[in-house]
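Here is how the chains run, residue by residue.
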Amino acid sequence: MKVHVDMSICLLHGQCVIAAPQVFSFNDDGGLVWIADCDEGLRSDAEAAADACPEQAIVIDG
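About the cut-offs
- Residues numbered from 1 in each chain as written.
- Predicted model: local features only at pLDDT ≥ 70, side-chain atom pairs only at ≥ 80, totals over all residues.
- Heavy atoms only, no water.
- Buried < 20%, exposed > 50% of the residue type's maximum accessible area, 1.4 Å probe, protein only.
- Helix = DSSP H or I, 4+ residues; strand = E, 2+ residues; numbered from the N terminus.
- Arc of directions from axis to C-beta.
- Contact = heavy atoms within 4.5 Å.

Trainee: Where do I start with helix α2 (residues 43–52) in this structure?
Mentor: Listed as buried for α2 are R43, A46, A49 and A50. Considered in projection along α2, the buried side chains sweep an arc of 125° and stay on one side of the axis. Those residues of α2 that are exposed and aimed more than 90 degrees away from the buried face are S44 and D51. Elements that come into contact with the buried residues of α2 comprise β1 (2–5), α1 (15–19), β2 (24–26) and β4 (58–61).

Trainee: Just to check I follow, could you spell out the environment of Q22 for this structure?
Mentor: Assignment of secondary structure puts Q22 in the loop between α1 and β2. When its relative accessible area of 45% is taken as the criterion, Q22 is described as partly exposed. In the structure, Q22 is positioned 16 residues away from C38 in sequence and 9.7 Å away in space, judged by C-alpha atoms. Residues in contact with Q22, not counting those within four places in the same chain, are I35, L42 and D45.

This is how it looks when you write it as structure tokens:
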């Protein structure tokens, strides 16, 4: 499964980090980082993060 965040619309609210901390986190500079090639076992967490994103910036493929 592929996870992509459109950083041109992401406002760094952090809802994805709260919903799926195994997939999304903030680096030391406050930038969003995520696992682009996720294990299928994290699908429900990644989908919850996508649903929680106010800007709907998260896309899950596969």
